[in-house]
Amino acid sequence: VTQAQSDLTTLFNQGQEWAPWLADVKAQRSTWETVVKQANPPVAMVERFKAAGAGLKLLLVAEANCSDSMQSVPHIAALAARAGIELRIVGKDVATSAIDGHRTPDGRTATPTLIMIRDGKDAGAWVERPAALQTWFLATAQLSRQDRLARKTSWYQWDRGDSTLAEIVALAERR
């Protein structure tokens, strides 16, 4: 067992399950509650994830005050719960080494970062936001921070987690 594998297992074991983690969320509580109510992964997506989920555990690095976490984590948690795949959530402060190897296209560490652990090994990660949104976001640096955030939030509300879940399921299917 390598140090990295040991660290992932330790982090996973230290993580909180979704319900207690969500219960502790104070930042932008109404946004979290809204997205939680919307989180309803399609049955076909759940079945695909279940089929790809043998030996899989999900370590989710998230922050309650992160706008991308708010918009994606409830959908990821619903998918994991319905597929019967264990999910644990930790903060960025304790997961620095784990997320360091999974950066955004522009080289940052970010939340949310979902690390798939299969049979104790890092089996890949989904980082920050769906690829289509990430491409748009990186190309719109000229917009004000406020305008980018408003448009990003609008995109997330339109997408309802579909792109996030599709990318995560496809990653799990790669085994």
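None of these values were measured; they are calculated from a predicted model.

Rules and cut-offs
Residues numbered from 1 in each chain as written. Predicted model: local features only at pLDDT ≥ 70, side-chain atom pairs only at ≥ 80, totals over all residues. Heavy atoms only, no water. Helix = DSSP H or I, 4+ residues; strand = E, 2+ residues; numbered from the N terminus. Rg over C-alpha atoms; globule rule 2.2 N^0.38 Å. Buried < 20%, exposed > 50% of the residue type's maximum accessible area, 1.4 Å probe, protein only. Areas by Shrake-Rupley, 256 points an atom, 1.4 Å probe, with all protein chains shown as cover. Lys, Arg positive; Asp, Glu negative; His and termini not counted. Charge placed at Lys NZ, Arg CZ, Asp CG, Glu CD. Salt bridge = Lys/Arg side-chain N within 4 Å of Asp/Glu carboxyl O. Pairing = 2+ DSSP bridges. Axes fitted to C-alpha atoms, helices over the stretch in contact; angles between N-to-C directions. Contact = heavy atoms within 4.5 Å. Phe/Tyr/Trp six-rings, centres within 6.5 Å; stacked < 30°, edge-to-face > 60°. Left-handed = near helix turned anticlockwise from the far one by under 90°. Nonpolar A, V, L, I, M, F, W, Y, C, P; charged D, E, K, R; others polar.

Topic: the overall build of the protein
The number of helices and strands found in the protein is 9 helices and 4 strands. When the elements of the protein are put in sequence order from the N terminus, they spell out α-α-α-α-β-α-β-α-β-β-α-α-α. Computed over the C-alpha atoms, the radius of gyration of the protein is 15 Å, within 12% of the 16 Å expected from 2.2 N^0.38 for a compact globule of 175 residues. Expressed along its principal axes, the backbone C-alpha trace of the protein runs to roughly 45 × 35 × 30 Å. By residue count, 48% of the 175 residues in the protein fall in the buried class. Looking at the protein as shown, the accessible area adds up to about 8600 Å², and 52% of this sits on carbon and sulfur atoms. Counting 21 positive and 19 negative side-chain charges, the protein places the averaged centre of each group 3 Å from the other.

Here we look at the pattern of salt bridges
As enumerated under the stated definition, the model contains 12 salt bridges in all. Residue arginine 103 pairs with aspartate 100 through a salt bridge whose shortest N-O separation is 2.3 Å. Residue aspartate 100 is classed as partly exposed on the basis of its relative accessible area of 39%. Here arginine 108 makes a salt bridge to aspartate 106, at a shortest N to O gap of 2.9 Å. Since its relative accessible area comes to 40%, aspartate 106 is described here as partly exposed. Bridged by salt links that share partners, the residues Asp68, Asp106, Arg108, Glu128, Arg129 and Lys152 form one connected network.

With respect to the sheet that holds strand β3 (residues 113-118)
Ordered in space as β2-β1-β3-β4, the 4 strands form an open sheet in which the pairing is mixed. Strand pairing shows two members of the sheet lacking a second neighbour, β2 (86-90) and β4 (121-127), which therefore form its edges. In this sheet, neighbouring strand axes are inclined to one another by 20° on average, regardless of whether the strands run parallel or antiparallel. Across 6 bridges, the pairing between strand β1 (residues 56-61) and β3 is antiparallel. Counted as the bridge partner of leucine 58 is methionine 116 from β3. Lying over the sheet, helix α9 (residues 162-173) contacts β1, β3 and β4, oriented at roughly 160° with respect to β4.

Things to note about the packing of aromatic side chains
In this structure the tally under the stated criterion is 6 aromatic pairs. Consider the rings of tryptophan 18 and tryptophan 21, whose centres lie 6.1 Å apart with planes at 25°: the pair is stacked. Here tryptophan 21 and tryptophan 18 lie together in helix α2 (residues 18-24), a separation of 3 residues that amounts to about one turn. Of the residues examined, tryptophan 21 reaches a relative accessible area of 9% and is grouped as buried. With a centroid separation of 5.8 Å and 70° between ring planes, the pair formed by tryptophan 155 and tyrosine 156 is classed as edge-to-face.

A few points about the side chain of arginine 88
Mapping arginine 88 onto the fold places it in strand β2. For arginine 88, a relative accessible area of 14% corresponds to the buried category. When residues no more than four places from it in sequence are discounted, the contact partners of arginine 88 are Phe12, Gly15, Gln16, Glu17, Leu58, Leu59 and Leu60.

Some details on the packing of helix α3 (residues 29-38) against helix α5 (residues 67-83)
Look at α3 against α5: their axes get within 8 Å of each other, and the N-to-C directions meet at 35°. The interaxial crossing formed by α3 with α5 has right-handed handedness. Residues Thr31, Trp32, Val35, Val36 and Gln38 of α3 pack against Ser69, Met70, Gln71, Val73, Pro74 and His75 of α5. The class makeup of the residues in the contact of α3 with α5 is 6 nonpolar, 5 polar and no charged.

Taken by themselves, the reported measurements are silent on function.
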